[in-house]
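Secondary and tertiary structure notes
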Amino acid sequence: MKRTPSVILGLCSYTHDSAAALLLDGELIGFVEEERLSEQKHTKLYPTHAVDWLLDRAKLTSADVDTVAYNFQPARYLAESPAALRLALSPTTRDRAFARAHGFAKVAARTLTRTRLIGRQFPAARVTPVLHHRAHQLTAFAASGWDDAAVLVVDSLGERQTTTIARGHDALRPRTRTLEAINDPASLGYVYGAVTEHLGWRRGDEEGTVMALAALGDPARFRRVFAHAVRTTAAGFAVNPAYFPPRTLISGYPRTSRRFVSETCPERRPDEPLTEVHQDLAAALQDRTEQVMVHLARRARAITGSPRLCVGGGVATNCVSIGRIIEAGIFDEVFVPPAPGDAGTAIGAALAVHTDGSGLRPVAGVARNCYLGPSYEDHTLDLTPWPGLRQKTLGIEVAEFLADQLAHGTIIGLFQGQVEAGPRALGNRSILASPLEAGVVERLNATVKFREPFRPFAPMVLAERAEEFFTLGQQAPYMSMASGVTDKTREQVSAVVHANGTSRLQTVTKAQNPFMHAVLDAFARRTGVPVLINTSLNVKGKPICGTPEMALDCLANSGLDALLLEGRWITK
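Residues numbered from 1 in each chain as written. Predicted model: local features only at pLDDT ≥ 70, side-chain atom pairs only at ≥ 80, totals over all residues. Heavy atoms only, no water.

This paragraph deals with the pattern of salt bridges. According to the stated counting rule, one finds 34 salt bridges in the structure shown. When the shortest N-O distance is used, the salt bridge between arginine 269 and glutamate 272 registers 3.4 Å. In this structure, a network of salt bridges that share partners links the residues Lys41, Arg202, Asp205, Glu206, Glu452, Arg455 and Lys540. (Salt bridge = Lys/Arg side-chain N within 4 Å of Asp/Glu carboxyl O.)

Structure (structure tokens):
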């Protein structure tokens, strides 16, 4: 009798960065973040578009789904409620105790309700909640393709956990075992988000802006504050509630204390100018984050003994910290998956359900794979809603044509193939520019991306020539690691070097992205430099363009010169 394939739908939903992944007999059919299709950045809504696309791609219906894997476990929140009451014993935290106990109980009930809502949409499926950090661990480890590695997950909060160290094993049937865990209120993600908000940016969205600002400041000014606020311990770190009061999961409770304000600076409104004190505060926050992350990496090496490290969770998007871990030489190699944040836990949750089953087939389609979303090669293009745009179809030498345009200073949007997983554009939904053009960074920030002038732009480089320009010493396929640069980079392509002397690079191999490899090769033949500026195809406040319509809007409403959309050259 023929065996019925196992159909597992992984979901991240109702919190932020909604996404869905589909495993069919252990093979990853696809993954996409809902914002790429709905145009609502960081949406927390149920990922209707993502689920519909996945089921359509697999030629399935909702009735065919066996299991829905959800990326949180409701009951785990409840355990924090009685623990929170201990805060009443300290005068520093007494005012948070009952609010925190109530908040965690409320979120537990809300999460349970969400799992029931999901269950109603899949009549034949069981809904299986998965521990949040386990989902992060499996996403990071399975994407590495390694048989053995230490796995470090650092985020804001998953149920009660904020930091876990695990060991992963078996590339074909990936599993992880948590060895140590740090619980809230010790949370590095919470601290970074609190200071992001204090500096006038959106918590959970603009932490990258603070990381960029940090390069302009002097960490020494507030180094002692953060040393007291975030203290390292033998097994990790602790957060001082006198500076960052414990979270309550209830609105109306500030994340920073009066003491923090008095020892640093008043809260900045978004419309207020940036000053030296804001730069220095960002620098001290980033400096302490890097110190703690390196400390955690050393701990991971000590308790696992593994020579390789996978890093996941929202704090894993702090590329400078990842670069510091690599520079420290703690591990032979470090890996960050393309989607290390919560969206990627849709994959990890599905993997958890699959690996917990019996008679398993090996996992496929996850390792070293970042192009997982919808593609539109055969999409009919109607430019009627954009009367100012015109198009022509290019011939077979598209890579040569694109390289030539870039070499002549054209700033180009690129829309090709499947949507990337994760927060970085990796050559399929990118804005490309020559780093050799004078004033290109200023032009990109001011007229194309509409963002702060101090924000840097990342380079993509031919993997086989990366060592000429960057000192990282390993591949960086997902633009998740900041690297030092060589003298050649400073002399020839200084536009890709940030104020702290680093670049968040993407190394490109022919196997990973044949088209972008061909473009970089063609650009190098014209200019002698195998490096391009690569930033995401969007403007500030908007998600990366997942659909042709979103890309056309981006072209029409920004300073882009042209858009290459599946072999069609579109200009204004």
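Further notes follow.
Right, let's talk about the sheet that holds strand E5 (residues 126-129) for a bit. Ordered in space as E3-E2-E1-E4-E5, the 5 strands form an open sheet in which the pairing is mixed. Looking at the sheet topology across the chains shown, the edges are occupied by strand E3 (27-33) and E5. Neighbour-to-neighbour, the strand axes of this sheet turn through a mean angle of 20°, independent of strand direction. Of the strand pairs in this sheet, strand E4 (residues 67-70) and E5 are connected by 4 bridges, and their pairing is parallel. Within E5, the position partnered with threonine 67 by the bridge is arginine 126. In the packing of helix H2 (residues 48-58) onto the sheet, contacts are made with strand E1 (7-12), strand E2 (19-24) and E3, and the angle to E3 comes to roughly 150°. Its contacts with the sheet place helix H5 (residues 97-120) against E1, E4 and E5, and it is angled at close to 155° to E4. (Pairing = 2+ DSSP bridges. Helix = DSSP H or I, 4+ residues; strand = E, 2+ residues; numbered from the N terminus. Axes fitted to C-alpha atoms, helices over the stretch in contact; angles between N-to-C directions. Contact = heavy atoms within 4.5 Å.)

Once that is clear, we can look at the packing of helix H7 (residues 188-198) against helix H8 (residues 207-214). In the contact formed by H7 and H8, the axes pass within 9 Å of each other and the chain directions differ by 80°. Considered as vectors, H7 and H8 are oriented roughly perpendicular to each other. Residues Tyr192, Gly193 and Thr196 of H7 touch H8, and the partners they reach there are Glu207, Val210 and Met211. The residue makeup of the contact of H7 with H8, split by class, is 3 nonpolar, 2 polar and 1 charged. (Parallel < 35°, antiparallel > 145°, perpendicular 65-115°, else oblique. Nonpolar A, V, L, I, M, F, W, Y, C, P; charged D, E, K, R; others polar.)

Of all 6 residues in E2, 5 are buried; the element is thus mostly enclosed. Bridging between E1 and E2 involves 6 bridges; their strand directions are antiparallel. Residue pairing across strands places isoleucine 8 opposite leucine 23, the latter belonging to E2. Here E1 folds back onto E2, and the loop between the two strands holds 6 residues, one of which, tyrosine 14, carries a positive phi near 75°. Hairpin geometry of E2 and E3 is characterised by an intervening segment of 2 residues between the two adjacent antiparallel strands and by a positive phi of about 55° at aspartate 25. (Buried < 20%, exposed > 50% of the residue type's maximum accessible area, 1.4 Å probe, protein only.)

A word on the packing of helix H14 (residues 398-407) against helix H18 (residues 514-527). Contact pair H14 / H18: the axes reach a minimum separation of 8 Å and the direction vectors enclose 50°. What the angle tells us is that H14 and H18 run oblique. For the pair H14 and H18, the crossing hand works out as right-handed. Together, Val398, Ala399, Glu400, Leu402, Ala403, Asp404, Leu406 and Ala407 of H14 and Phe515, Ala518, Val519, Ala522, Phe523, Arg525, Arg526 and Thr527 of H18 make up the contact between the two elements. Considered class by class, the residues forming the contact of H14 with H18 number 11 nonpolar, 1 polar and 4 charged. (Left-handed = near helix turned anticlockwise from the far one by under 90°.)

As for its position among the elements, threonine 304 is in helix H11 (residues 276-304). One polar contact links the side chain of threonine 304 to the main-chain carbonyl oxygen of alanine 300, over a distance of 2.6 Å. When sequence neighbours within four positions are dropped, the list of residues in contact with threonine 304 reads Ala150, Ile165, Ala166, Arg167 and Leu179. (Polar contact = N/O pair within 3.5 Å; in protein donor to acceptor, adjacent residues only side chain to side chain.)

Just geometry here; none of it tells us what the structure is for.
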